[in-house]
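# Architecture at a glance
In case you want the letters, here they are:
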Amino acid sequence: MGILLSDLPDSLAVECLPHKTWTRDEVAVLESTGLFDGTHFELIDGELIDKMGKKRKHVCATTETAIALEAIFGRDYVNQEAPIDVAPEDKPRNEPEPDVIVLRRRSREIEGNPKPADLALIVEVADTTLRQDLKTKARLYARAGIPEYWVLDLNGRRLCVFRHPAGGAYQTELECSEDASVATLEKPTHTIAVRSLLP
């Protein structure tokens, strides 16, 4: 007697399902047809990730993080949910849209997506996406050579800080509790209380 797909553990069953990975060019064609009908996706490792339906605490934390970074860097240097480019080898199948980015040049001076060299810091706010943010996106941003990456873990009430990319991975990883303060590599004398970023 054969094994039914429904008898398999969920994790194994998902792996058995056929699926398609996408390129940026293919996604652009789909968007031009109006097929997405207002639904917003980001492209990560060829997978379309739904960016809609964020919970209120995610929205609040993203806003507070942007405000805190604008106070240090200036409004012209901080963007929310803006698409960026990554390493050339990853670019065809990836167009992430981090929750907050800090630029090295004013927004209006950059044409197209910011390149890795344009980025001082990337922040992802995680409530339901923690594993992807800590693993998949950390590797993606490290390969791009982005010097600093923060993951604001809403459920764990902590800030995970990744620094010094080399060999496709961040060499320094710090975990800051909500009682801690942190400064960016770019502006080391300006500290931010982690608690002030959390809803």
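Residues numbered from 1 in each chain as written. Predicted model: local features only at pLDDT ≥ 70, side-chain atom pairs only at ≥ 80, totals over all residues. Heavy atoms only, no water.

### Describing the overall build of the protein
If you tally the helices and strands in the protein, you get six helices and 10 strands. In the protein, which comprises 199 residues, the share counted as buried stands at 41%. (Helix = DSSP H or I, 4+ residues; strand = E, 2+ residues; numbered from the N terminus. Buried < 20%, exposed > 50% of the residue type's maximum accessible area, 1.4 Å probe, protein only.)

### Here's the deal with the state of the cysteines
Here a disulfide denotes a covalent bond joining the sulfur atom of one cysteine to the sulfur atom of another. One pass over the structure, following the stated rule, counts zero disulfides. Cysteine 176 carries a free sulfur, and the closest cysteine sulfur to it, the one in cysteine 160, is 8.2 Å from it. (Disulfide = S-S within 2.5 Å.)

### Observations regarding the nonpolar core
Among the nonpolar cores identified, the biggest contains 24 residues, and Leu69, Trp150, Leu152 and Leu159 are the most heavily contacted of them. Sorting the residues of this core by element identifies helix H3 (56-73), strand S4 (100-103), strand S5 (119-126), strand S6 (148-153), strand S7 (158-166) and helix H6 (194-197) as the ones contributing at least two each. The dominant element in this core, judged by the number of residues it contributes, is H3, at six residues. Leaving out residues up to four positions away in the same chain, leucine 69 has contacts with Gly74, Val78, Val100, Val102, Leu121, Val123, Thr184 and Ile192. Core analysis: the next-biggest nonpolar cluster, separate from the first, contains 22 residues, Ile44, Ala87, Ala126 and Ala144 among them. (Core = buried A, V, L, I, M, F, W, Y, C linked by side-chain atoms within 4.5 Å. Contact = heavy atoms within 4.5 Å.)

### A closer look at the pairing of strand S8 (residues 169-177)
When S7 meets S8, the two strands line up antiparallel, connected through eight bridges. In the strand pairing of S8, arginine 158 is matched with serine 177. The hairpin turn running from S7 into S8, its antiparallel successor, is two residues long, and glycine 167 in that turn takes a positive phi close to 60°. (Pairing = 2+ DSSP bridges.)

### Focus: the sheet that holds S6
Pairing in this open sheet of six strands is mixed, and the strands run S3-S4-S5-S6-S7-S8 from one edge to the other. With one partner strand each, in any of the chains shown, strand S3 (78-80) and S8 form the two edges of the open sheet. Sheet twist, expressed as the mean angle between neighbouring strand axes with direction ignored, is 20°. Looking at chain direction, S5 and S6 are connected through five bridges and run parallel. Its bridge partner lying in S6, isoleucine 122 is registered against tyrosine 149. (Axes fitted to C-alpha atoms, helices over the stretch in contact; angles between N-to-C directions.)

### A look at the pattern of salt bridges
Summed over all chains, the structure comprises 15 salt bridges. Residues arginine 104 and glutamate 186 are paired through a salt bridge, measuring 3.7 Å at the closest nitrogen-oxygen approach. Linking arginine 104 in the loop between S4 and S5 with glutamate 186 in the loop between strand S9 (181-183) and strand S10 (191-193), this pair joins segments that are 82 residues apart in sequence. We classify glutamate 186 as partly exposed; its relative accessible area is 38%. Linking glutamate 109 and arginine 106 is a salt bridge whose minimum nitrogen-to-oxygen distance equals 3.9 Å. Relative accessible area serves as the criterion here: at 42%, glutamate 109 is assigned to the partly exposed category. Note on arginine 106: relative accessible area 32%, which makes it partly exposed. In the salt-bridge network here, residues are joined through shared partners; they are Asp76, Arg106, Arg108 and Glu109. (Salt bridge = Lys/Arg side-chain N within 4 Å of Asp/Glu carboxyl O.)

### Quick look at H3
Think of an α-helix as turning once every 3.6 residues; residues three or four places apart then point the same way. With 18 residues, H3 extends 26 Å between its outermost C-alpha atoms, agreeing within 8% with the 26 Å of an ideal straight helix rising 1.5 Å per residue. What H3 keeps buried is the set His58, Ala61, Thr62, Thr65, Ala66, Ala68, Leu69, Ile72 and Phe73. The buried side chains of H3 occupy one side of the element, clustering within an arc of 165° when seen end-on. Away from the buried face of H3 by more than 90 degrees, exposed residues Arg56 and Ala71 are located. Along its buried surface, H3 packs onto S3, S4, S5, S6, S10 and H6. (Expected span 1.5 Å × (residues − 1). Arc of directions from axis to C-beta.)

### Remarks on the side chain of histidine 58
Relative to the helices and strands, histidine 58 resides in helix H3. Residue class for histidine 58 comes out buried when judged on its relative accessible area of 5%. Every residue in contact with histidine 58, bar those within four places of it in the chain, is listed here: Asp99, Val125, Asp127 and Leu154.

None of this, on its own, says anything about what the molecule does.
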